Amino acid sequence: MDDLGTFGIYTFDFEHQPAGLMRESVRELEEQGWRAVWFPEVGGREAFTQAAVLLAATERLRVVNGIAQIWSHPAHSAHGAAALLADAYPGRHVLGLGFGGEPHPGVKPLTAMREYLDELDARKPAAPIRRILAAYGPKMLELARDRTAGAQTYHVNVEHTARARETLGPDAFLAVEHAVLFETDPAVARAVAREHLHTYLTTPYNIAKFRRLGYTEDDLARGGSDRIVDDLVFWGDLETVTGKLHRHVDAGADHVAVQVIGIEPGATARPFWRELGEALLR
């Protein structure tokens, strides 16, 4: 998985953009030297269709589902789609899988993911399917280590990256998403960061994750303490932001997928991607 490079781009922007702008964006990323682009499946656009559009628009860029929700895609359908992308674009698609989609009350994430992987493994693709799991706790990280190429984490601190590396061992792939904001005024930066983090600080699954990382009730209350906000969103000037991103690499990440926040729906983070590319892709 070292072909993804040390840094990549993670973006929600494509959920709101017309196809033409998406194509322009990924072509520019490729021209700048970025080797990987990541996108989620949250706003209604189907994961594999979107991956196919991005792959078709580029020649070398790796495209990562980060993540495709398992309950939005029966295992046989996900297998068929991923196998076709692997055949059509050899080595350029990475299937990131995560616990999500239509709720299944009472079903444990670890059990659901293990059974999903069992179904995938019962089918033999013509071309290799590269896959990783969204994983945070030790058991899901172990499943990612044992059944896939590795793990992707999202909205975690540097300490979690070090813990994840210990669980994964030296060989499994570890990709870490991290949000960044180009704003040097602390009050403004933290206000934007709190707006971005609101969903994550108010949902039970994420709250449990943050508690395991040692954050207190005070850290989670009232939009988040300065401590947790600053840990989860790296803000400041270019030098400050990129310096903090390197901390994940130092802690054991193989790849850091950088998400620029503070972008209005329908707009583009491309100017900031250019700045990041100049600093991170040297």
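In case you missed it, the structure is sitting above this.
Here the structure is a predicted model, which means the values were calculated and not measured.

A.B. asks: Is there a simple way to explain the overall build of the protein chain in this structure?
C.D. replies: Within the protein chain one finds 12 helices and nine strands. For the protein chain, the spread of C-alpha atoms along the three principal axes comes to 50 × 45 × 35 Å. Counting over 282 residues, the protein chain shows a buried share of 53%. Within the protein chain, residue pairs in contact and separated by at least 24 positions form 74% of the contacts whose partners lie at least 6 positions apart. When the accessible surface of the protein chain is totalled, it reaches about 12500 Å², and 51% of it is carbon and sulfur. Charge-centre separation for the protein chain: the mean point of 30 positive side chains lies 4 Å from the mean point of 39 negative side chains.

A.B. asks: Explanation requested: the nonpolar core in the structure shown.
C.D. replies: Soluble globular proteins: nonpolar side chains tend toward being buried together. Counting residues in each nonpolar core, the largest one holds 86 residues, and the members touching the most others are W38, L97, F210 and L245. Among the elements that line this core, the one with the most residues is strand β7 (residues 173–181), at seven residues. Ignoring any residue separated from it by four or fewer positions in sequence, one finds W38 in contact with L4, I9, Y10, T11, V64, G66, I132, Q152, A175, H255 and A257.

A.B. asks: Looking at this model, I keep getting lost on helix α2 (residues 47–57). Mind explaining?
C.D. replies: An α-helix turns once every 3.6 residues. As a result, residues three or four positions apart point the same way. Taken as a whole, α2 has its buried residues at A47, F48, Q50, A51, L54, L55 and A57. Looking at the packing, one finds that the buried side of α2 touches α1 (19–32), β2 (36–39), β3 (62–69), α3 (75–88) and β4 (93–98). Where α2 begins, one side-chain oxygen reaches toward the backbone nitrogen of F48, 3.1 Å away; that side chain belongs to E46.

A.B. asks: Would you take a moment to explain helix α12 (residues 270–280) for this structure?
C.D. replies: Within α12 the residues assigned to the buried category are R270, W273, L276, G277, A279 and L280. Buried residues along α12 sit against β1 (7–10), α1, α11 (238–251) and β9 (255–260).

A.B. asks: What's the story with the pattern of salt bridges in this structure? I'm lost.
C.D. replies: Side-chain pairs of opposite charge can arise where the charged atoms are in close proximity. Scanning the entire structure with this criterion turns up 17 salt bridges. Note that D3 is salt-bridged to R62, the shortest N-O span being 2.8 Å. Pair noted here: D3 is in the segment before β1 and R62 is in strand β3, with a separation of 59 residues, a long-range link. Here R147 and D118 are joined by a salt bridge, their closest N and O atoms 2.9 Å apart. With a gap of 29 residues between them, R147 in helix α5 (residues 138–147) and D118 in helix α4 (residues 109–121) connect regions that are remote in the sequence. Classification of R147 by relative accessible area gives partly exposed; the value is 25%. One continuous salt-bridge network, built from bridges that share partners, spans E24, E28, R270 and R274.

A.B. asks: Which parts of the structure should I look at to understand the side chain of T11?
C.D. replies: Checked against the element boundaries, T11 lands in the loop between β1 and α1. For T11, a relative accessible area of 4% translates into the label buried. Side-chain polar atoms of T11 contact the backbone nitrogen of D13, separated by 2.8 Å. Those residues in contact with T11, other than ones at most four positions away along the chain, are V37, W38, F39, P40 and W273.

Conventions and cut-offs
- Residues numbered from 1 in each chain as written.
- Predicted model: local features only at pLDDT ≥ 70, side-chain atom pairs only at ≥ 80, totals over all residues.
- Heavy atoms only, no water.
- Helix = DSSP H or I, 4+ residues; strand = E, 2+ residues; numbered from the N terminus.
- Buried < 20%, exposed > 50% of the residue type's maximum accessible area, 1.4 Å probe, protein only.
- Contact = heavy atoms within 4.5 Å.
- Areas by Shrake-Rupley, 256 points an atom, 1.4 Å probe, with all protein chains shown as cover.
- Lys, Arg positive; Asp, Glu negative; His and termini not counted.
- Charge placed at Lys NZ, Arg CZ, Asp CG, Glu CD.
- Core = buried A, V, L, I, M, F, W, Y, C linked by side-chain atoms within 4.5 Å.
- Polar contact = N/O pair within 3.5 Å; in protein donor to acceptor, adjacent residues only side chain to side chain.
- Salt bridge = Lys/Arg side-chain N within 4 Å of Asp/Glu carboxyl O.

By themselves, these observations are geometric and do not establish any function.
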